[in-house]
Amino acid sequence: MAISSKWKSEKMRTLSFAKAINEALHQIIATDKQAFLIGQGITSPWYVGTTTVGLINKFGPKRIIDTPTSENCITGVALGAALAGMHPIICFPRMDFMYLAMDQLANHVANWHYMFGGQLNVPMVVWAIINRGGEQAAQHSQALQAVFSHIPGVRVVMPSTPYDAKGLLIASTQDGNPVVYIDDRWLYEKEGHVPEEYYSVPIGKGIVRKEGKDVTVVATSYMVHEALKAADDLSKVAIDVEIIDLLSVKPLDEKVLFSSVEKTRRLVVVDGGWTNCGLAAEIAARVSETGLFKLLKAPIMRVALPNAPAPASSALEKVYYPNAGSIVSAIKKTLEKRN
Amino acid sequence: MSKKEQKLLSPDLPRKLLLKMYATMLTIRIFEERVASLIAPKKEITTPCHLYIGQEAVATGVCLALKKEDYVYSTHRSHGHYIAKGGDLKRLMAELYCKKTGCSKGKGGSMHIAAPEIGLPGSSAIVGGTIPIAVGTALAFSIQGRDNVSVAFFGDGAVHEGVFYESLNFASLKKLPAVFVCENNFYCTHLPIASCLADPDIYKKAQIFGMPGVRIDGNDVVKVYKTARKAVEDAREGKGPTLIECLTYRWLGHVGPFDDLDKGLRSKEELDCWVKKCPIRRIKKRLLKHRIVTEDEVKKIETAIRAEVEEAVAFARNSPYPDERDLLYGVFR
Ligand SMILES: Cc1ncc(C[n+]2csc(CCOP(=O)(O)OP(=O)(O)O)c2C)c(N)n1
Ligand SMILES: [Mg+2]
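Residues numbered from 1 in each chain as written. Chains lettered and ligands numbered in written order. Predicted model: local features only at pLDDT ≥ 70, side-chain atom pairs only at ≥ 80, totals over all residues. Heavy atoms only, no water.

Peer 1: Go over the overall build of chain B, please, and point to the residues and values.
Peer 2: For chain B, the helix and strand inventory stands at 12 helices and 7 strands. The C-alpha atoms of chain B give 19 Å as radius of gyration, which agrees with the globular expectation for 333 residues (20 Å, within 12%). Taken along its principal axes, the extent of the C-alpha atoms in chain B is 55 × 50 × 45 Å. Split into buried and exposed, the 333 residues of chain B put 57% on the buried side. Here the analysis covers contacts within chain B between residues at least 6 apart in sequence; of these, 75% occur between residues at least 24 apart. Summed over its atoms, the accessible surface of chain B is roughly 14,000 Å², and 56% of this surface lies on carbon and sulfur atoms. For chain B, the distance from the average site of its 51 positive side-chain charges to the average site of its 40 negative ones is 4 Å. (Helix = DSSP H or I, 4+ residues; strand = E, 2+ residues; numbered from the N terminus. Rg over C-alpha atoms; globule rule 2.2 N^0.38 Å. Buried < 20%, exposed > 50% of the residue type's maximum accessible area, 1.4 Å probe, protein only. Contact = heavy atoms within 4.5 Å. Areas by Shrake-Rupley, 256 points an atom, 1.4 Å probe, with all protein chains shown as cover. Lys, Arg positive; Asp, Glu negative; His and termini not counted. Charge placed at Lys NZ, Arg CZ, Asp CG, Glu CD.)

Peer 1: Please provide a residue-by-residue account of the domain arrangement of chain A, values included.
Peer 2: All names here are of chain A. Once the domains are mapped, chain A shows domain 1 (14–193) and domain 2 (207–336). With centres defined by C-alpha atoms, the gap from domain 1 to domain 2 works out at 26 Å. Across the boundary between the two partners, domain 1 contributes 32 residues, which contact 27 residues of domain 2. Between domain 1 and domain 2, roughly 2,200 Å² of surface is buried when both sides are summed, and carbon and sulfur atoms account for 58% of that area. Ranking the residues of domain 1 by area buried against domain 2 places Glu135, Met158 and Ser160 at the top, with a combined share of 23%. Taken together, the connections running from domain 1 to domain 2 amount to 1 salt bridge. Measuring nitrogen to oxygen at the nearest pair gives 2.7 Å for the salt bridge that ties Arg209 to Asp164. Scanning the region where domain 1 abuts domain 2 turns up 15 residue pairs in polar contact (both at pLDDT 80 or more). Those elements that place two or more of their residues in the side of domain 1 that touches domain 2 are helix H6 (145–150), strand E7 (155–157) and helix H7 (162–174). Here the element with the most residues in the side of domain 1 that touches domain 2 is H6; it accounts for 4 residues. (Domains from an automatic or database assignment. Buried area = accessible area lost by both parts, 1.4 Å probe. Salt bridge = Lys/Arg side-chain N within 4 Å of Asp/Glu carboxyl O. Polar contact = N/O pair within 3.5 Å; in protein donor to acceptor, adjacent residues only side chain to side chain.)

Peer 1: Mind laying out the site of ligand 1, listing which residues take part and the relevant values?
Peer 2: With respect to spatial proximity, 22 residues lie near ligand 1, and among them Tyr47(A), Glu71(A), His76(B), Arg77(B) and Ala125(B) are the closest. Nearby residues around ligand 1 are contributed by chains A and B. At 3.5 Å, a side-chain N or O of His254(B) approaches an oxygen atom of ligand 1. Protein contact buries 97% of the 580 Å² of open area that ligand 1 shows by itself. According to the grid-proximity analysis, the pocket containing ligand 1 is the largest pocket. Along the lines of polarity and charge, the residues of the shell around ligand 1 split into 9 nonpolar, 9 polar and 4 charged. (Near = heavy atom within 4 Å. 1 Å grid on protein atoms, 1.4 Å probe; cavity = no way out; pocket = protein on both sides within 12 Å on 5 of 7 lines; lining within 4 Å. Sits in = over half its atoms within 2 Å of the grid points. Nonpolar A, V, L, I, M, F, W, Y, C, P; charged D, E, K, R; others polar.)

Peer 1: So what's going on with the confidence of the model for chain A? Residues and values would help.
Peer 2: Per-chain confidence: chain A averages 96 in pLDDT, with 96% of residues scoring 70 or above. Across residues 1–8 of chain A, confidence stays below pLDDT 50; counting only partners more than four residues off in sequence or on other chains, it has 19 contacts. (pLDDT = per-residue confidence, 0-100.)

Peer 1: Go over the pairing of strand E11 (residues 215–219) of chain A with me, naming the residues and quoting the values.
Peer 2: Residue and element names in this part refer to chain A. Along E11, 5 of the 5 residues are buried, which leaves the element largely enclosed by surrounding structure. Sheet analysis places E11 next to strand E12 (residues 241–245), joined by 5 bridges and oriented parallel. Within E12, the position partnered with Ala219 by the bridge is Asp245. For the crossover from E11 across helix H8 (residues 221–235) to E12, the handedness is right-handed. As defined by bridge partners, E11 adjoins strand E14 (residues 267–274) across 3 bridges and the pair is classed as parallel. Of the residues in E14, the one forming a bridge with Val218 is Val269. (Pairing = 2+ DSSP bridges. Right-handed = clockwise from strand over helix to strand, strands pointing away.)

Peer 1: Can you break down the layout of surface pockets residue by residue, with the values?
Peer 2: There is about 830 Å³ of room inside the largest pocket. Lining the largest pocket are 48 residues, and of these Tyr47(A), His50(B), His76(B), Thr189(B) and His254(B) sit closest to its centre. Looking at side-chain class alone, the lining of the largest pocket contains 18 nonpolar, 19 polar and 11 charged residues. As for the second largest pocket, its lining consists of 28 residues, of which Ser104(B), Lys107(B), Gly108(B), His112(B) and Gly330(B) are closest to the centre. Class assignment of the residues belonging to the lining of the second largest pocket gives a composition of 15 nonpolar, 10 polar and 3 charged. (Points joined across faces, edges and corners; volume = space filled by probe spheres on them.)

Peer 1: Outline the coordination of the magnesium ion (ligand 2), listing residues and values.
Peer 2: Residue and element names in this part refer to chain B. With distances of 2.1 Å, the protein atoms coordinating the magnesium ion (ligand 2) are Asp156 (OD), Asn185 (OD1) and Tyr187 (O). Each donor residue of the magnesium ion (ligand 2) lies on one chain, and together they are spaced D-x28-N-x1-Y. One end of the pair, Asp156, is in the loop between strand E2 (150–155) and helix H7 (162–173); the other, Asn185, is in the loop between strand E3 (178–184) and strand E4 (187–188), with 29 residues separating them in the sequence. You can call Asp156 buried: its relative accessible area is 1%. (Donors = N, O, S within 2.8 Å, 3.2 Å for Na, K, Ca; no water.)

Peer 1: Please set out the environment of Asp233(A) residue by residue, giving values where relevant.
Peer 2: With respect to the helices, strands and loops of the structure, Asp233(A) is situated in helix H8. Residues Asp233(A) and Val249(A), 16 residues apart in the sequence, show an inter-C-alpha distance of 27 Å.

Peer 1: Give me the lowdown on the interface of chain A and chain B, citing residues and values where you can.
Peer 2: Taken together, the contact between chain A and chain B spans 33 residues of the former and 33 residues of the latter. The interface formed by chain A and chain B holds 0 salt bridges in total. Our enumeration of links across chain A and chain B arrives at 10 residue pairs in polar contact (both at pLDDT 80 or more). The residue makeup of the side of chain A that touches chain B, split by class, is 17 nonpolar, 13 polar and 3 charged.

Peer 1: Help me get a handle on the sheet that holds strand E10 (residues 207–210) of chain A, residues and values and all.
Peer 2: Residue and element names in this part refer to chain A. Taken in spatial order, the 5 strands line up as E10-E12-E11-E14-E15 in an open sheet, and their pairing is mixed. Unpaired on one side and paired on the other, E10 and strand E15 (301–305) mark the two borders of the sheet. Adjacent strand axes in the sheet meet at a mean angle of 25 degrees, parallel and antiparallel pairs treated alike. Against the sheet, H8 makes contact with E10, E11, E12 and E14, and its axis sits at roughly 170 degrees relative to E12, the strand it touches most. (Axes fitted to C-alpha atoms, helices over the stretch in contact; angles between N-to-C directions.)

Peer 1: Kindly report on the sheet that holds strand E13 (residues 248–250) of chain A, identifying the contributing residues and their values.
Peer 2: Residue and element names in this part refer to chain A. Reading across from one edge, E4-E2-E5-E6-E8-E7-E13 is the order of the 7 strands in this open sheet, with mixed pairing throughout. Single-partner strands in this sheet number two, and they are strand E4 (64–66) and E13. Each strand axis lies, on average, 20 degrees off the axis of its neighbour in the sheet, ignoring direction. Bridge count for E7 against strand E8 (residues 179–184) is 3 bridges, and the pairing is parallel.

Peer 1: Tell me about the pattern of salt bridges, and please be specific about residues and values.
Peer 2: Opposite charge on two side chains makes pairing possible when the charged atoms of those side chains draw close. Residue and element names in this part refer to chain A. This structure, assessed with the given rule, holds 35 salt bridges over all chains. The salt bridge involving Asp245 is made with Arg209; its shortest N-O contact spans 2.9 Å. Of the two residues, Asp245 sits in strand E12 while Arg209 sits in strand E10, which places them 36 residues apart along the sequence. Comparing Asp245 with Arg209, the two get one shared label, buried. The closest approach of N and O atoms between Glu254 and Arg286, which form a salt bridge, is 2.9 Å.

This is the structure:
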């Protein structure tokens, strides 16, 4: 199912993923007088791809705030602004740097609403960019969706297409809670239909990207595209793969997940993070906890990163990052194995 | 050379040391220029490299004031520190090729260089990441009663991070044998220092913590050496840490082999002005003027360095890539 079918627009305009984010930011900041963008590197000509092009010229340094390299402080600053009624979007050009902001994110941002009995809201978007590959090694490659999903009090979304990149970013600013919006630089060149309108994609709703009957593959973000490639390959050998794109990691759309598994009775979970205690484990657990467990025809398989830091050498990167090939082998294994 | 001449140049500095300064700086320069040529147009090196060209006097002046057993910690801009501390060029070049024979076995790349055998226990791509680690090593030295000093190299960008201040405070509080060397090259990626620091006088931040802070011309290797030597002596004698702010400039863009003037982040005039203050040309001129070396000797030194760098390139090229099996090897000891 192509994503554009969700949105019936006369003009089927296409944009790149990066351009879709750029358009969303322009529209958000123009529309929402309380919104502003803050973060180290957001006016850099290279640091965030082309996602912030034109913002500083249009909105000026009061609403587009490039900052010193002070991640923990700036995260607290965003929280403080949110508590005063603003809708900050804080950008981390690399997710790896969020570890420096962990105190503000995990102890403060995530807890503020609950800890004070719901008196205060934290309408803030934490825009986290995965930027890996290219021999950047362990500190410049991390995909930390599991870390943030583990923390109560923050939502986590991961768009995979330009349409969702824009719609989920807008939805994140409207949610009224802290939302960690994770995108992946490997998606930035992908083209797809993006309406010009100011629209939102609902948080917490997944989508069937491709219907199939033999096996369910659940994926997010960039891995959805690898899953689509895998499905394409397998269609040549008459294996019919169904692909669920979660879009939101938290809350997770159990309905779309469960109904697909109920149909195919086989599940491969794909994630760009580490296997151990990762997102894939969570999804597998959700399915195992239900009556679906009895229906499964084969053990659930995980396709995710091996439990090692990202290596520099491209010779190792090649085997480190899962791809369509690894998804194909996992699918084949589930089809061979029986419970 | 007459006594008077020697004094003019730098009282107390032996010829051997001055030559070593020159050779070290030139090694860094030639190495980095060669790396640049291998990134583009050749694309033989693909790990992102933050080149050190223009800043050679800082690493050189500081490291030559240290003993081998003293530790230095580096940053994303790591090559100069490695070379100045005495690291093997072959293993560095091989790491930039991400080969198995590299100092980090191809797992670290340009931003993660370590050579414990020469007192470089690591470099971090996280801005400010190694400052507290250097303090921790200083703490260990003081607990162990070792006569060693621990140096943190970092950029002006690290001064934005809270951990910089916490580290200065702790080191001063405990009078630890640490030296903080800030390489102020006036830029933090795309942003000039004036857009980042409310008070750009970095050396003054030391005062808050009751420790000495000095600002020096970071393109004057002799000045860097002498300042570092004083700080190192103080540290060894238990007088606590020093913050040294070295004013310098990177000739190339933040990352990669080009000057990036087309990105419009800095002017050609500014770059030209700093190129005129080239730290290597300066020391060379002084050495020649005071007849510490002859033109002939200078040429010989350069030829030898070029040969050594080419050897490193050949070594890196001929080395194997890590084996796929190496991926999961080394997560733990
Ligand atoms: C914690 C953290 N935030 C942001 C970055 C991105 N980053 C990489 S290098 C750099 C600039 C550092 O500037 P400076 O410390 O002055 O060193 P220079 O590059 O000038 O040598 C930044 C912000 C990072 N690596 N780590
Ligand atoms: Mg700098």
